Amino acid sequence: MSTEVVERGAAQADGAAAGYRAGRTLTYATEFARQWRRKRTQLALGFMVVLPIILLVAFELGGSDDDGRSGRGQFSQLSDAAISGGLNFAMFALFVSASFLLVVVVALFHGDTVAAEASWGSLRYLLAVPVPRARLLGIKLAVALSYSALAILTLLGTALLLGTLRYGWHPLQSGIAAEIPPGEGILRLLATAGFLGINMLVVAGLAFLLSVLTDAPLGAVGGAVLLYIVSSILDQITALGELRNFLPTHFAQAYLGLLTTPMQFDDIIKGTISAVCYFTAFCALAFYRFSRKDVVS
């Protein structure tokens, strides 16, 4: 009888072992530190520092373009203005990385979340701790989002620092509006980075979902990048008409509205709503599938 009393006392009212707290398993700080020690995290963040250096060297070695050509598009306008000050250089760095580099980095952080654990065979051991499945996904998603935001801020901060040291602190020149004073320019630059981060939620949610569906990290990362590129290609087909409004990449360049005078927020609002909706749908599917998945890896 005494043995039975002891055994009952060793369990909580909900049947869990005495002292077990689900909220203390796999904390955010623990997962953040685990991911920080991984080579892919260090390389991804390191390249965010290297890219502005490469751009700076390219501008120094390339010289000036004095052939008098005009009408070469938004890219050339931003490229010409990039050496006009730190703000312009940082804006150009964001512009050239938004369509592909940031997509790959965000897909890498999120597509590697669950699939990497499954490929290593450690996923079942994490669940055996036991870590609740919803908490496991939630913590991994939060850490992946944190590193994605850190990557964007690292790129922006490095480009702004190097550009200011080399080209000085001058008004922001977008090529599509009048010069913007430095004080207001830094706010618009931060707003641009913020919108790019929101727009990358589409990639984050898609890569996260694919990470749950497959045990191959490269498959999840590559699949997310491929689908994003396909969406970008479809968005160029004007024959699709208003159907393009529902593509996740349709408002990818809406941040240009932040560089006009006055600023244009219509597409930014639509793009934000679109990105949040896609992200929510992808993450909901990921949580639903993982809660019912037979984990054997």
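Scroll up a little and you will see the structure.
Report on the accompanying structure. Just so you know, the residues in each chain are numbered from 1, in the order the chain's sequence is written. For a predicted model such as this one, the threshold for reporting local features is a pLDDT of at least 70, and the threshold for listing and counting side-chain atom pairs is 80 or more; totals across whole chains, interfaces and linings nevertheless cover every residue. Calculated side-chain values reflect all of the structure's heavy atoms, with hydrogen atoms and water omitted.

**Here's the deal with the overall build of the protein chain**
For step 1, the next point in the chain: Secondary structure elements follow DSSP: runs of H or I of four or more residues count as helices, runs of E of two or more count as strands, with numbering from the N terminus. When helices and strands are counted, the protein chain shows 13 helices and 0 strands.
For step 2, the next point in the chain: Listing each helix as α and each strand as β along the protein chain from the N terminus yields α-α-α-α-α-α-α-α-α-α-α-α-α.
For step 3, the next point in the chain: Exposure classes here rest on a 1.4 Å probe applied to the protein chains alone. A residue is buried below 20% of its type maximum, exposed above 50%, and partly exposed in between. Counting all 297 residues of the protein chain, 44% fall into the buried class.
For step 4, the next point in the chain: Within the protein chain, contacts between residues separated by at least 24 positions form 77% of all contacts whose residues are at least 6 apart in sequence.
For step 5, the next point in the chain: Note on areas: Shrake-Rupley with a 1.4 Å probe; residue coverage comes only from the protein chains shown. Element-wise, carbon and sulfur atoms account for 66% of the exposed surface of the protein chain, whose accessible area totals about 14900 Å². Here, two residues are considered to be in contact whenever any of their heavy atoms come within 4.5 Å of each other.

**Quick look at the side chain of Ser211**
For step 1, the next point in the chain: Tracing the backbone shows Ser211 in helix α11 (residues 201-213).
For step 2, the next point in the chain: There is a polar contact of 2.9 Å between the side chain of Ser211 and the backbone nitrogen of Val114.
For step 3, the next point in the chain: If we ignore the near neighbours within four places in the chain, the residues touching Ser211 are His110, Gly111, Asp112, Thr113, Val114, Ala115 and Ala220. Polar contact is defined as a pair of N or O atoms within 3.5 Å, subject to the rule that within protein one atom must be able to donate a hydrogen and the other to accept it, and that residues adjacent in sequence are counted only when both atoms are side-chain atoms.

**Quick notes on the packing of aromatic side chains**
For step 1, the next point in the chain: The criterion for an aromatic pair is that two Phe, Tyr or Trp rings (for Trp, the six-membered ring) have centres within 6.5 Å, with stacked assigned to planes under 30 degrees apart, edge-to-face to planes over 60 apart and tilted to the rest. A complete count under the given rule lists 10 aromatic pairs for this structure.
For step 2, the next point in the chain: With 6.2 Å between their ring centres and 50° between their planes, Phe208 and Phe287 make a pair best called tilted. Here Phe208, found in helix α11, pairs with Phe287, found in helix α13 (residues 266-291); they are 79 residues apart in sequence, far enough to count as distant.
For step 3, the next point in the chain: Classification of Phe287 by relative accessible area gives partly exposed; the value is 28%.
For step 4, the next point in the chain: Taking 5.9 Å as the distance between ring centres and 35° as the angle between the ring planes, the aromatic pair formed by Tyr278 and Phe282 counts as tilted.

**What to know about a nonpolar patch on the surface**
For step 1, the next point in the chain: A cluster of nonpolar side chains, contributed by Leu226, Val230, Leu234, Ile237, Leu240, Leu243 and Phe246, occupies part of the molecular surface with about 640 Å² of accessible area.
For step 2, the next point in the chain: One can find Leu240 in the loop between α12 (217-235) and α13. Note on patches: the residues involved have over 30% relative accessible area and no salt bridge, like charges join within 9 Å, and the nonpolar side chains Val, Leu, Ile, Met, Phe, Trp and Tyr join within 5 Å. For this analysis, a salt bridge means a side-chain nitrogen from Lys or Arg found within 4 Å of a carboxyl oxygen belonging to Asp or Glu.

**Quick look at the nonpolar core**
For step 1, the next point in the chain: Take the buried residues of types Ala, Val, Leu, Ile, Met, Phe, Trp, Tyr and Cys, join any two whose side-chain atoms come within 4.5 Å, and each joined set is a nonpolar core. In terms of nonpolar packing, the biggest core is built from 75 residues, with Phe109 and Leu189 touching the most fellow members.
For step 2, the next point in the chain: Of all the secondary structure elements, the ones that give two or more residues to this core are α3 (39-62), α5 (86-98), α6 (101-111), α9 (133-167), α10 (182-199), α11, α12 and α13.
For step 3, the next point in the chain: Residue contributions to this core peak at 14 residues, all from α9.
For step 4, the next point in the chain: Once residues lying within four places of it in the same chain are set aside, the contact partners of Phe109 are Arg40, Thr41, Ala44, Leu45, Ala144, Tyr147, Ser148 and Ala151.

**What to know about the packing of α3 against α6**
For step 1, the next point in the chain: Only the stretch in contact is used when a helix axis is fitted, and all axes are lines through C-alpha atoms; the angle between N-to-C directions ranges over 0 to 180 degrees. The geometry of α3 relative to α6 is characterised by a closest axis approach of 10 Å and an angle of 160° between their N-to-C directions. Relative to α6, the element α3 is oriented roughly antiparallel. For α3 against α6, the interelement crossing comes out left-handed. Side by side, α3 and α6 meet where Arg40, Thr41, Ala44, Leu45, Phe47, Met48 and Leu51 of the first sit next to Leu101, Leu102, Val105, Leu108 and Phe109 of the second. Throughout, the term roughly parallel applies to angles under 35 degrees, roughly antiparallel to angles over 145, roughly perpendicular to angles from 65 to 115, and oblique to all others. Rotating anticlockwise by less than a right angle from the far helix to the near helix defines a left-handed crossing, while the corresponding clockwise rotation defines a right-handed one.

**A word on the pattern of salt bridges**
For step 1, the next point in the chain: Following the criterion strictly, the structure yields 6 salt bridges and no others.
For step 2, the next point in the chain: Between Arg38 and Asp112 there is a salt bridge, with its nearest N and O atoms 2.7 Å apart. Of the two residues, Arg38 is situated in the loop between α2 (28-36) and α3 and Asp112 in the loop between α6 and α7 (113-120); the sequence distance between them amounts to 74 residues.
For step 3, the next point in the chain: Owing to a relative accessible area of 17%, Arg38 belongs among the buried residues under this scheme.
For step 4, the next point in the chain: By relative accessible area, Asp112 is classed as buried at 7%.
For step 5, the next point in the chain: Ionic pairing is found between Arg40 and Asp112, a salt bridge with its closest N-O pair at 3.0 Å. A residue pair is termed long-range when its members are at least 10 positions apart, and Arg40 in helix α3 and Asp112 in the loop between α6 and α7 qualify at 72 residues. The same class applies to Arg40 and to Asp112, which are both buried.
For step 6, the next point in the chain: One connected set of salt bridges, linked through shared partners, spans Glu31, Arg34 and Lys140.

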